[in-house]
Amino acid sequence: MEKKTINAKKAVMIGCGFVGSASVFALMQSGLFTEIVLIDADKAKAEGEAMDISHGIPFASPMKIYAGDYDDVADAGIIIVSAGAGQKPGETRLDLVNKNVGIFKSIIPEIAKRNFAGILLIVANPVDILTQVAIKLSGLPENRVIGSGTVLDTARLRYMLGEHLSVDSRSVHAFIVGEHGDSEVVTWSSANVSGVPLSTMCEMRGHFKHKENTEEIAESVKNSAYEIINKKHATYYGIAMSVKRICEAIMRDEKSILPVSHMIHGACDIDGICLSMPAIVGADGIETAIPVNLDAEETAKLKESADALKQIIDTINL
Ligand SMILES: NC(=O)c1ccc[n+]([C@@H]2O[C@H](COP(=O)([O-])OP(=O)(O)OC[C@H]3O[C@@H](n4cnc5c(N)ncnc54)[C@H](O)[C@@H]3O)[C@@H](O)[C@H]2O)c1
């Protein structure tokens, strides 16, 4: 079969609400793409966002940003899907399942029809479930369908630990794995600050109540979205930077290790479920999963997280 040509520097954002437009704004500034197409069920919204974001181009680098339709996805390097309802105050991410699976049933077949040869990045929630739904509906190889997963939760964790320890959050190495949601798991047992075990670093910085402090930080990370949604009705800047980071790893073939959501085969006895585990991410999407060191309690929690997702997946009729 003739190899399909793709325009690797072309991205498509499907869904131009808070998350989609903030992500395009971050991508416009990144210089990673020469073309970004905005698609939304509300075409005027896509056009307005494209105009507004384009007016920043003279302060970034030359590129085209415009509202388009599904014929524009055919040769794209990356398609990002943020279309879908967001959480309302009091709603969990899993509450969004039926609404957003319905929306995906109208979007993903449009992509599949056009023989898309790039990477599909899912951001809409519940992101793990929708990543799995997107793999099934698109027929794409599993390595080319990625969910933003716990990239954002991990950033929140690193930020909060950085603040707690008064160190640069980029020097904090710790992952959140599992569901992007209430059953997520912090990998405390392997957390470190530039190679120094976390508990040693905490004591160096005058913190000795490890159990209380770690529980408090894990809760704050998990509840961040609820807190932000209560205060401003949506979250979008943190996820926009996470989307930019994942796109960087793909566009530059960085082979960066990121906790993205992807189809798990065998790690910690989990099979056939999409959730976040660290993986090498590059031009072909997921290159390989990286086994993360977990203690017995973390392993048990990760399995619970996978079970919670499996229960939902089993109820979806595709
Ligand atoms: N993965 C993460 O870490 C993360 C973080 C924040 C938000 N989210 C999720 O991102 C999604 C979007 O959130 P938001 O705040 O931007 O919501 P929003 O309501 O502001 O935007 C959603 C957009 O999707 C569009 N849309 C709906 N159905 C569509 C369809 N069939 N085709 C094309 N466009 C369609 C709407 O017109 C709207 O513009 C939600 O599911 C939210 O939970 C994920």
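Residues numbered from 1 in each chain as written. Predicted model: local features only at pLDDT ≥ 70, side-chain atom pairs only at ≥ 80, totals over all residues. Heavy atoms only, no water.

The next subject is the domain arrangement of the protein. Each assigned domain of the protein is listed with its residue range as follows: domain 1 (2–147) and domain 2 (151–313). Here the C-alpha centroids of domain 1 and domain 2 sit 23 Å apart. Of the residues lining the interface, 37 residues belong to domain 1; the matching set on domain 2 comes to 41 residues. Summed over both sides, the interface of domain 1 with domain 2 buries roughly 3300 Å², with 71% coming from carbon and sulfur. Three residues, Arg93, Asp128 and Gln132, lead the burial of domain 1 against domain 2; their summed loss comes to 21% of the area buried on that side. Our enumeration of links across domain 1 and domain 2 arrives at 0 salt bridges. Linking domain 1 with domain 2 are 9 residue pairs in polar contact (both at pLDDT 80 or more). (Domains from an automatic or database assignment. Contact = heavy atoms within 4.5 Å. Buried area = accessible area lost by both parts, 1.4 Å probe. Salt bridge = Lys/Arg side-chain N within 4 Å of Asp/Glu carboxyl O. Polar contact = N/O pair within 3.5 Å; in protein donor to acceptor, adjacent residues only side chain to side chain.)

In this section: the packing of helix α3 (residues 97–113) against helix α4 (residues 127–138). Close contact between α3 and α4 brings their axes to 9 Å; oriented N to C, the two are set at 40 degrees. Crossing of α3 against α4: the hand is right-handed. Mapping the contact onto sequence places Asn100, Val101, Phe104, Lys105, Ile108 and Ala112 in α3 and Leu130, Val133, Ala134, Leu137 and Ser138 in α4. Of the residues assigned to the contact of α3 with α4, the class counts are 8 nonpolar, 2 polar and 1 charged. (Axes fitted to C-alpha atoms, helices over the stretch in contact; angles between N-to-C directions. Helix = DSSP H or I, 4+ residues; strand = E, 2+ residues; numbered from the N terminus. Left-handed = near helix turned anticlockwise from the far one by under 90°. Nonpolar A, V, L, I, M, F, W, Y, C, P; charged D, E, K, R; others polar.)

Each aromatic ring pair is summarised here by two numbers: the centre-to-centre distance and the angle between the ring planes. Summed over all chains, the structure comprises 2 aromatic pairs. Look at phenylalanine 18 and tyrosine 236: their rings are 4.9 Å apart centre to centre, the planes differ by 10 degrees, and that puts the pair in the stacked class. Of the two residues, phenylalanine 18 sits in helix α1 (residues 18–30) while tyrosine 236 sits in the loop between α7 (210–232) and α8 (237–251), which places them 218 residues apart along the sequence. Assessed through its relative accessible area of 16%, tyrosine 236 is described here as buried. Connected via pairs of aromatic rings, a cluster forms that spans Phe18, Tyr236 and Tyr237. Here the guanidinium or amino end of lysine 232 rests over the ring plane of tyrosine 236, the centre of that ring lying 3.9 Å away. (Phe/Tyr/Trp six-rings, centres within 6.5 Å; stacked < 30°, edge-to-face > 60°. Buried < 20%, exposed > 50% of the residue type's maximum accessible area, 1.4 Å probe, protein only. Lys NZ or Arg CZ within 6 Å of the ring centre and 35° of its normal.)

This brings us to the pairing of strand β1 (residues 7–14). Sheet topology places β1 next to strand β4 (residues 76–81); 5 bridges connect them, and they run parallel. Across the sheet, residue methionine 13 finds its bridge partner in β4, namely isoleucine 80. As defined by bridge partners, β1 adjoins strand β2 (residues 35–39) across 5 bridges and the pair is classed as parallel. When the bridges of β2 are listed, alanine 11 appears paired with isoleucine 36. (Pairing = 2+ DSSP bridges.)

Look at helix α2 (residues 43–54): 16 Å from first C-alpha to last across 12 residues, which is about the 16 Å you get at 1.5 Å a residue. Taken residue by residue, α2 has Ala46, Glu49, Ala50, Ile53 and Ser54 as its buried positions. For α2, the angular spread of buried residues about the axis comes to 125 degrees, placing them on one side. Residues Ala44, Met51 and Asp52 are exposed on α2 and point more than 90 degrees away from its buried face. Looking at the buried side of α2, the elements it contacts are α1, β2 and β3 (64–67). (Expected span 1.5 Å × (residues − 1). Arc of directions from axis to C-beta.)

Attention now goes to unusual backbone geometry. Trans peptide bonds make up the majority, and among non-glycine residues the majority have a negative phi. The peptide bond linking asparagine 125 to proline 126 adopts the cis configuration, its omega dihedral lying at 0 degrees. Looking at the element boundaries, proline 126 is found in the loop between β5 (119–122) and α4. The phi torsion at histidine 233 lies on the positive side, around 75 degrees, for a residue other than glycine. Tracing the sequence through the fold places histidine 233 in the loop between α7 and α8. According to the relative accessible area criterion, histidine 233 is exposed, its value standing at 57%. Located in the positive-phi region is lysine 255, a residue other than glycine, with phi close to 55 degrees. Note on placement: lysine 255 falls in the loop between α8 and β12 (256–258). Since its relative accessible area comes to 41%, lysine 255 is described here as partly exposed.

Right, let's talk about the sheet that holds strand β7 (residues 172–173) for a bit. Adjacent strands of a sheet form backbone hydrogen bonds with each other and so pair up, either parallel or antiparallel. Spatially, 3 strands are ordered β7-β10-β11 in an open sheet, and the strand pairing comes out antiparallel. Of all the strands in the sheet, the pair left with one neighbour each is β7 and β11 (196–197). Pairing between strand β10 (residues 192–193) and β11: 2 bridges, direction antiparallel. Of the residues in β11, the one forming a bridge with valine 193 is valine 196.

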